[in-house]
Each structure stands twice: as C-alpha cells, then as structure tokens.
Amino acid sequence: MQRWRGLEDIPQDWGRSVVTIGSYDGVHRGHQLIIGRAVERARELGVPSVVVTFDPHPSEVVRPGSHPPLLAPHHRRAELMADLGVDAVLILPFTAEFSKLSPADFIVKVLVDKLHAKAVIEGPNFRFGHKAAGNVALLTELGATYDYTVEVIDLFVTGAAGGGQPFSSTLTRRLVSEGDVAGAAEILGRPHRVEGIVVRGAQRGRELGFPTANVETLPHTAIPADGVYAGWLEVDGESMPAAISVGTNPQFDGTERTVEAYAIDRVGLDLYGLHVAVEFLAYVRGMLKFDTIDDLLVAMAADVKRCSELVAAYDRTH
C-alpha cells in the first residue's frame, strides 16, 4: 500500500481512483463498511482505492485545545486500512490555510486535480470545506460537473456497546475513558490498543516480583480509565498475555498517570527503548490503595491469575 503525506506526494502519473475521505480514527466497524465498499468499488472499476485523512485532527486547528483522544495513530490506521485492501492512504496536513478552502475548492484541489476521482464513497454525515459547509448533496452535485459518482454508505452499526447507540469514534472514546474496553472492542472489531516507547519507571514492579513495561504513550492517546486490565503486550510482532495497570500508583503516592504492562510468566525481558503496543481485553478491577505491601502482593498475584484466565479464554480469531 502506498502512503502519501500531502498532495505533492501523489505520483504525477496517478490515474483515476475511488476515494473516501474522513478522519477514520480507530477504523471501527462502521468505518470498515465505508472503506470496504470503496475497495470493492475500485475493484469493480479496475482502478485503485484511496483513503484521504487528516493530521492533526481538524478540530485542533479549528478550535485549538479541543483535539480528541485518538483511538489509533496514523501508522496504525494505515495498517488497518491495508488489511482492508486499500491501495493508498493520503494524509493531508490540516492547517489553518487548508481549513479555509471552500467546499468546491476542496473538491477540485484534492479529488479532481490530484486523485482524479471516478467514484467517491462516504457516510451520510460527511462534511467538508470551510466551516464544514459541504455535505453529501453538494458532493453529489459537483460530481456531475467533475465526472465522478457518489455512493453513500450507512455506517451506523449497533450492538450491545453503549446501550445500543450507533457505533462511532465518539462513543468508543467514551467507553475507553470509562474503562469499558470490552464495549470499545465490540465497536472496533478488535481490542483497543495504545502504543509507545518503554521507559524507565520507579522499578517498583521489578522489586515486587512483577516487572512491568512502563509505556510512554503517544500524544493524544485514548487511555482507559484507571484500573487493572487483562490483555496483551506486543513486542516486535510477538503478542504476550499481560496484566496491565493504568493509573497513578496510589500505593506509593504517585502523581503521574502511567500505563504499565506485566508480561505474564515471561522472565528476563529487556524492553527499554523499544516501541511496544498494549491491547486491552477486559477490565479486572479499579485502582486501590492497600493497607500493607503484603496485601498489595496478594492482590497482584490474584490479578495476574485472573488476567491469565481471561486471555486464555479469549479467541483472537473471532
């Protein structure tokens, strides 16, 4: 899959293509319907499929300080899109100048002049251009002028997550922030994950017999509520069952919020400086302060046992 950053990265000889545009944070099951249809339509027409997305999130430029927590960094979104069969991903730097493009100018500059769109696939609520003034009706109207068709896909999937609300990135972020990682996984179609570099922490886990990877997460990452979770620690493509702690470490009067993962039954791992991923399967318990270190150790042993059971019972192929 080709990855382009900015319009100037698109090959000069790029021909017609099928395009879908959106933030697509998380590439959740609703997004998968739209992107999957774009891939399918591209194959029907014998042309490549392109996903156009933005960095930073448009809200950060339009309303500074309002950047939403991210469900997936751009490189992870690209991986997920590649798995869906996408041929190219275009990440457009979203600047103040770019935000002022009128809807018609946006269409000409991106879809017509550079991507030579033959078909555009979008959800019903797609908005574009200055002050999000463009909608699906205008997109379709301009298609008659610029020789592309528009297909609108209903991305609203529902299920048990969020009490039956339509699946969305906003709902997923809320569930993650509440610690409902099982609900978030239903929407995403896979466990929520965070990524980052393993840094040196206070080494207390090592002293207590449960050495953890202290993950310095990427900026704006959607991090689950404080607590203990079952999941996986992924290093260099290897996925290890893990007990994960999110919080400020109240036992030792900590103040900095951290994500730490203990790879169950793995001895001698040296992960410092490595980029790792932590995947959240299930919430186990809230963050507690125990009366004694012995009480803490008993709880940690129980947490590890419970996490091991939850991971062992989960079918990652479903």
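Heads up: these notes are all about the structure in this document. All values derive from a computational prediction rather than experimental measurement.

Re the nonpolar core
Reasoning step 1: Judged by nonpolar contacts, the single largest core of 28 residues is most densely connected at Val-50, Leu-90 and Leu-115.
Reasoning step 2: Looking at this core, the element that brings in the most residues is helix H5 (residues 103-112), giving four residues.
Reasoning step 3: In this structure Leu-90 touches Trp-4, Gly-6, Leu-7, Ile-10, Val-50, Val-51, Val-52, Thr-53 and Leu-115, once residues within four positions along its chain are discounted.
Reasoning step 4: Counting 20 residues, the second-largest nonpolar core is a separate cluster that includes Leu-233, Ala-261, Ala-263 and Val-278.

Here we look at the packing of aromatic side chains
Reasoning step 1: Using the criterion set out here, one finds eleven aromatic pairs in the structure.
Reasoning step 2: Judged by centre distance (5.9 Å) and plane angle (75 degrees), the rings of Phe-98 and Phe-106 are edge-to-face.
Reasoning step 3: Summarising the aromatic geometry, the rings of Phe-210 and Tyr-262 are spaced 5.3 Å apart at their centres and angled 80 degrees between planes, so their arrangement reads as edge-to-face. Of this pair, Phe-210 sits in the loop between helix H9 (204-208) and strand S8 (213-217) while Tyr-262 sits in strand S11 (residues 258-263), and the two are 52 residues apart along the sequence.

A few points about the environment of Lys-118
Reasoning step 1: Secondary-structure assignment places Lys-118 in strand S5 (residues 117-122).
Reasoning step 2: Every residue in contact with Lys-118, bar those within four places of it in the chain, is listed here: Arg-16, Ser-17, Leu-45, Val-47, Asp-147, Tyr-148 and Thr-149.

About the criteria used
Residues numbered from 1 in each chain as written. Predicted model: local features only at pLDDT ≥ 70, side-chain atom pairs only at ≥ 80, totals over all residues. Heavy atoms only, no water. Core = buried A, V, L, I, M, F, W, Y, C linked by side-chain atoms within 4.5 Å. Buried < 20%, exposed > 50% of the residue type's maximum accessible area, 1.4 Å probe, protein only. Helix = DSSP H or I, 4+ residues; strand = E, 2+ residues; numbered from the N terminus. Contact = heavy atoms within 4.5 Å. Phe/Tyr/Trp six-rings, centres within 6.5 Å; stacked < 30°, edge-to-face > 60°.

Keep in mind these numbers describe shape, not what the thing actually does.
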